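What follows is the residue order along each chain.
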Amino acid sequence: MAKRDLPVRKNDIVTVEAVDLSVNGEGIGRYLGYTLFVPGMLPGEEAHVKVLKTGKSFGFGKVEKLVKASPERVEPLCPVFGKCGGCSLQHLSYEGQLSYKRSKVQAAMERIGGFEGLDVLPAIGASDPWHYRNKVQYPVREEHGELKIGYYAKNSHRIVETPVCYIQSRDNETIVGVVRRWMERHGIAGYNELLHKGVVRHLLIRRSGLHRSYHVTLVCRKEKVPFIDELIHAFEHLDSVKVTGLCVNVNKEKTNVILGEKTVCVWGEPDFEDAIGDVKFRISPQSFYQVNPEQTLKLYEKAVEYAALGSDDTVVEAYCGIGTITLFLAQKAKSVVGVEIVEKAVEDARKNAELNGMENVAFYAGEAETVIPELYESEGLKADVVVVDPPRKGCEEALLDTIVAMAPKRLVYVSCDPATLARDCKYLAEIGFSVVEVQPVDMFPMTGHVETVVRLVRE
């Protein structure tokens, strides 16, 4: 269909029926055979939609008026829902969200993986889908001479502020208030992206459920922050919220990357301690740690179940991070080898093994697709079970080929992206593994994201 023959043009208002949800939670609408992605629409709904942008195969629009509502539609709690770029599914019942996430994984496994007759299990939901996040990174900006601390608007770096975020801890509001008053009182400027000026770029807050405390990191353009003692004094004298440490992360670059390479502790603890189940972790500001403790425990318990470990089993884990899954596996296995590309995370992983008194683990720093093949070829590394928890891009074929050569009895694949999961499972199925069970876990309620654990066995 040539662009001049499209049934819609920009600024047209057309009646659209939504037939599905996209991977990002947008409504997928149809108008005279043409696809429009419309945020805020649910399957089965009909709306008058204003066309915002058109392309050869699809376009984008926004709801002008809802004509027919889905029975799964609910009233969003957040006053800035639809403006903020954080949540995308607050207008969908939680039962509807779980159903959508299961179908999202099912569709990927069928369309991309080519798995016919594979029945993906119902998504494991949260007992409470609100106020679950233990980490937030607020952009701090100077907009038209006004300090803004909030979230990015959809598809932009404009800041949206809200008195309450319903997926974050309510205590964050107190901490943000302390930082805001400190900055305004002393004239400390937020970051101006266009001019690359200002002092504070981001405010990072992490919560320890174990100690019911918080750790704060200011991401700044310079290490020496003016009047930092006054901010420390304010945190020391907070009655309602316990803050255990304050760090300054230095990011001098003109970049969208949030954290710089250098972090300095200016008061209290340099990192924070938390627990998943009965395993404790020390986490530095720059290390990755799952944001939903309740659902993380369910995810890890499922991974351990799928690993089906015996006391004589050896495990190799790729993309191990700070050793969160590794230490869960180490409780059941004879030994575990973890590989992670981020050296600071490997340092944290080794400290966490020591913290928990686990001596049957070894960690290596480097790319999993490089280190594991080298260990296999040079040292004859073997594994009864392999666990992979890759980033969104999935696994490299070099790693998958080495896994097959190692001939483990079982493989557990933990994924944050259904598309690359399905792609990698298809490749593994072609070279020696069978997919036995697929379990989605809702780690991120009110968003379109889903985590999945897959059990594979060697044929």
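Everything discussed here concerns the structure shown above.
About the cut-offs
- Residues numbered from 1 in each chain as written.
- Predicted model: local features only at pLDDT ≥ 70, side-chain atom pairs only at ≥ 80, totals over all residues.
- Heavy atoms only, no water.
- Helix = DSSP H or I, 4+ residues; strand = E, 2+ residues; numbered from the N terminus.
- Rg over C-alpha atoms; globule rule 2.2 N^0.38 Å.
- Buried < 20%, exposed > 50% of the residue type's maximum accessible area, 1.4 Å probe, protein only.
- Contact = heavy atoms within 4.5 Å.
- Areas by Shrake-Rupley, 256 points an atom, 1.4 Å probe, with all protein chains shown as cover.
- Lys, Arg positive; Asp, Glu negative; His and termini not counted.
- Charge placed at Lys NZ, Arg CZ, Asp CG, Glu CD.
- 1 Å grid on protein atoms, 1.4 Å probe; cavity = no way out; pocket = protein on both sides within 12 Å on 5 of 7 lines; lining within 4 Å.
- Points joined across faces, edges and corners; volume = space filled by probe spheres on them.
- Pairing = 2+ DSSP bridges.
- Axes fitted to C-alpha atoms, helices over the stretch in contact; angles between N-to-C directions.
- Core = buried A, V, L, I, M, F, W, Y, C linked by side-chain atoms within 4.5 Å.
- Right-handed = clockwise from strand over helix to strand, strands pointing away.
- Polar contact = N/O pair within 3.5 Å; in protein donor to acceptor, adjacent residues only side chain to side chain.

## Focus on the overall build of the protein chain
- Regarding its fold elements, the protein chain presents 9 helices and 22 strands.
- The globule rule puts the C-alpha radius of gyration for 459 residues at 23 Å, and the 24 Å found for the protein chain is close to it.
- Here the C-alpha coordinates of the protein chain stretch approximately 65 × 60 × 40 Å along the principal axes.
- Relative to its full complement of 459 residues, the protein chain shows a buried share of 53%.
- For the protein chain, contacts bridging at least 24 residues in sequence account for 64% of all contacts bridging at least 6.
- Counting only carbon and sulfur atoms, one obtains 49% of the accessible surface of the protein chain, whose full area is about 20,800 Å².
- Considering the protein chain, the positive charge centre built from 57 side chains and the negative charge centre built from 64 side chains are found 6 Å apart.

## Here we look at empty space enclosed by the protein
- Scanning the entire structure with this criterion turns up 2 cavities of 30 Å³ or more.
- There is about 60 Å³ of room inside the largest cavity.
- Surrounding the largest cavity, Arg-141, Tyr-152, His-157, Tyr-191, Glu-193, Arg-201, His-202, Asn-251, Thr-255, Asn-256, Val-257 and Ile-258 form its lining.
- Volume-wise, the second largest cavity comes out at about 30 Å³.

## Examining the sheet that holds strand E21 (residues 433-441)
- Taken in spatial order, the 7 strands line up as E18-E17-E16-E19-E20-E22-E21 in an open sheet, and their pairing is mixed. Single-partner strands in this sheet number two, and they are strand E18 (361-365) and E21. Along the sheet, successive strands turn relative to each other by an average axial angle of 15°, direction set aside.
- Pairing between E21 and strand E22 (residues 451-458): 8 bridges, direction antiparallel. Pairing of Gln-439 across the sheet is with Val-453, part of E22.
- Packed onto the sheet, helix H8 (residues 397-406) meets strand E16 (314-318), strand E19 (385-388), strand E20 (410-415) and E21 and runs at close to 165° relative to E19.
- The strands that helix H9 (residues 418-430) touches are E20, E21 and E22; relative to E20, the one it contacts most, it runs at about 160°.

## Thoughts on the nonpolar core
- Residues Trp-182, Leu-218 and Phe-235 are the most contacted members of the largest nonpolar core, which totals 86 residues.
- What Trp-182 contacts, discounting residues up to four positions off in sequence, is Ile-188, Val-200, Leu-218, Val-225, Pro-226, Phe-227, Ile-228, Glu-230 and Leu-231.
- Grouped together as the second largest cluster of nonpolar side chains are 37 residues, Val-105, Ala-108, Val-337 and Leu-375 included.

## Here's the deal with the pairing of strand E11 (residues 213-220)
- When you tally the buried positions in E11, you get 8 out of 8 residues, the bulk of the element.
- Residues Ser-213, His-215, Thr-217 and Val-219 of E11 are buried on one face, and the alternating residues Tyr-214, Val-216, Leu-218 and Cys-220, pointing to the opposite face, are buried as well.
- Pairing of strand E10 (residues 200-208) with E11, which is carried by 8 bridges, proceeds in the antiparallel orientation. Within E11, the position partnered with Ile-205 by the bridge is Val-216.
- Between the antiparallel neighbours E10 and E11 lie 4 residues, among them Arg-212 with a positive phi of about 55°.
- As defined by bridge partners, E11 adjoins strand E12 (residues 243-250) across 7 bridges and the pair is classed as parallel. The residue bridging His-215 from the neighbouring strand is Gly-245, located in E12.
- A crossover links E11 with its parallel partner E12, the connecting element being helix H3 (residues 228-236), and its sense is right-handed.

## Quick word on the side chain of Ser-169
- The topology assignment puts Ser-169 in the loop between strand E9 (159-160) and helix H2 (171-186).
- Polar contacts involving the side chain of Ser-169 include one to the side chain of Tyr-214, which spans 2.6 Å.
- Once residues within four sequence positions are removed from consideration, Ser-169 is found in contact with Arg-133, Arg-207 and Tyr-214.

## Some thoughts on the environment of Thr-217
- Here Thr-217 lies in strand E11.
- For Thr-217, a relative accessible area of 1% gives the class buried.
- Separated by 48 residues in the primary sequence, Thr-217 and Cys-265 place their C-alpha atoms 8.6 Å from one another.
- Aside from chain neighbours lying at most four places away, what touches Thr-217 is His-202, Leu-203, Leu-204, Cys-247, Asn-249 and Pro-285.

## Let's talk about unusual backbone geometry
- We note that Leu-32 has phi near 50°; this positive angle belongs to a residue other than glycine.
- With respect to the element layout, Leu-32 can be found in the loop between strand E2 (27-31) and strand E3 (34-38).
- Positioned with a positive phi, His-196 is a non-glycine residue whose angle comes to about 55°.
- Note on placement: His-196 falls in the loop between H2 and E10.
- Accessibility expressed as a relative area gives 18% for His-196, which makes it buried.

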